[in-house]
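Here's the letter readout for the chains.
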Amino acid sequence: MSTFQLEFVSPEKLLLSRPVEMAVIPAAEGEMGVLPGHSPMIVALRGGVITVTEAGQVSERLFVAGGFAEVTPSRVTILADEATPVAQLSKADAERRVAKCEKAYDEAAGEATPEKRDAAMARLLAARAMLAAAEAA
Amino acid sequence: MASLKALRLRINSVKSTRKITQAMKMVAAAKLRRAQQRAEAARPYAERMERMLASLGAAVAGQPDAPKLLVGTGGDAVHLLVVVSGDRGLAGAFNTNVGRFARNRVRELESHGKTVKILGVGRKATTYLKREFGSRFVGEVSFANKKVVGFEDAAEIAATITKMLDANEFDVCSLIYNRFKNVITQTPSEQQLIPGAVPEQEAGEAIGAQALYEYEPTEDEILAALLPQNLAVQVYRAILETTAGFYGSQMTAMDNATRNAGEMINKLTINYNRTRQANITKELIEIISGAEAV
């Protein structure tokens, strides 16, 4: 099966760069499966799990807290704010994070501007996605 | 002429200094290698970010409601300088260089009638500049008690800058830091952050490809999220380069100090031996002349 180059970078390092067959990306407006030859796009990511398929099998599952992806027919570049392999997620950490984000959201919901509320909401959703991924793993 | 005992003490003290500087040099070399690796590891992200920003920037450039982070406030009256330096000393002129560069810049801007605000990152330049420009400081950050400076730290600084911009506290923001050329050369330089220079698209295939991009959500929304991130990346890069440069500079400084201590020891040893010989000769003369007198 044909492949495309997947590059996965976090601000601190290049995490992954190799040809893969398919990647499922948690785009801001819904999960998005990318196959070779996808039309060029730039998408924002929400918190979720990126699933990488190689040789017909899921080879890699990585949690991202947010970021951006650039899709071209021959290459996908994912700029992740924070990335962890799903296997390394811990449920306790995720729960703590959800609790923290819920608190921050409650505070923001009171008086902050809509943008701040949205940002807090996005963080909360990312934390919930992290918890869900940790539970599923 | 100093007494033999004084010379001996002096030699011993210089010897222990040499041991310390030698150890510091080796520590700096090890840390330099790690800092360089980290700087290298952060490069791909910055490069890809730049590429995305180039295609996005081209898409929204010229729009009247383009985000402030990209085009600034339109004014030029208030400058915010973010000065990045090391947290520790004993690194030759590393911190002084960036401090002096910043000082000249502040003076130049003020002589043109601009208002200057300073955000100090790293302890050394902060203390250096505070003496003269204490009233211009709007904040300071130090990583002295941190082992490794992570991206979150840079993001925090970027968030401070964004907040100030939203409150219209400055018009132009620049970063002043030591650019890491190589292990022995670091040059203080200035980089303008806001209004941001849209990275030039490479001609040819890039432009063809960029016209076809679809955006999800809209360009504006992605840009609004991408720009603060880009700011954080720039700050992060400056911090990483400063860290690498600092250790490079410290290594060179400590190497020089070790060599100087060696020279000093040689000189003192010669002096010591001469003094000892002179004492022996003097004693011999005394004995001989004493014997002759009998």
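Residues numbered from 1 in each chain as written. Chains lettered and ligands numbered in written order. Predicted model: local features only at pLDDT ≥ 70, side-chain atom pairs only at ≥ 80, totals over all residues. Heavy atoms only, no water.

## Some words on the pairing of strand β9 (residues 75-80) of chain A
Where a strand is regular, its side chains alternate between the two sheet faces. Residues and elements named next belong to chain A. Judged by how many residues are buried, β9 sits mostly within the fold: 5 of 6 residues are covered. Here strand β1 (residues 4-9) pairs with β9 via 5 bridges, running parallel. Bridging from a neighbouring strand, V9 pairs with L79 of β9. Direction of pairing for strand β8 (residues 67-72) relative to β9: antiparallel, over a ladder of 6 bridges. (Buried < 20%, exposed > 50% of the residue type's maximum accessible area, 1.4 Å probe, protein only. Helix = DSSP H or I, 4+ residues; strand = E, 2+ residues; numbered from the N terminus. Pairing = 2+ DSSP bridges.)

## Here we look at the interface of chain B and chain A
Counting from both sides, the interface comprises 24 residues of chain B and, opposite them, 26 residues of chain A. The largest share of the area that chain B buries against chain A comes from Y45, M52 and E216 of chain B, three residues that together contribute 32% of it. Along the contact surface separating chain B from chain A lie 2 salt bridges. The salt bridge partner of E70 of chain A is R51 of chain B, with a shortest N-O separation of 3.1 Å. Remark: the boundary between chain B and chain A carries 11 residue pairs in polar contact (both at pLDDT 80 or more). With 10 residues, the top contributor of residues to the side of chain B that touches chain A is helix α1 (residues 4-60) of chain B. (Contact = heavy atoms within 4.5 Å. Buried area = accessible area lost by both parts, 1.4 Å probe. Salt bridge = Lys/Arg side-chain N within 4 Å of Asp/Glu carboxyl O. Polar contact = N/O pair within 3.5 Å; in protein donor to acceptor, adjacent residues only side chain to side chain.)

## Examining the UniProt feature "domain: ATP synthase F1 complex delta/epsilon subunit N-terminal" (unreviewed entry) in chain A
Taking the UniProt record as the reference, the feature "domain: ATP synthase F1 complex delta/epsilon subunit N-terminal" (unreviewed entry) is found at residues 4-83 of chain A. For residues 4-83 of chain A, helix accounts for 0% and strand for 71%, while the C-alpha atoms at its two ends are 21 Å apart. (UniProt positions renumbered as here; feature names shortened; annotations may be inferred.)

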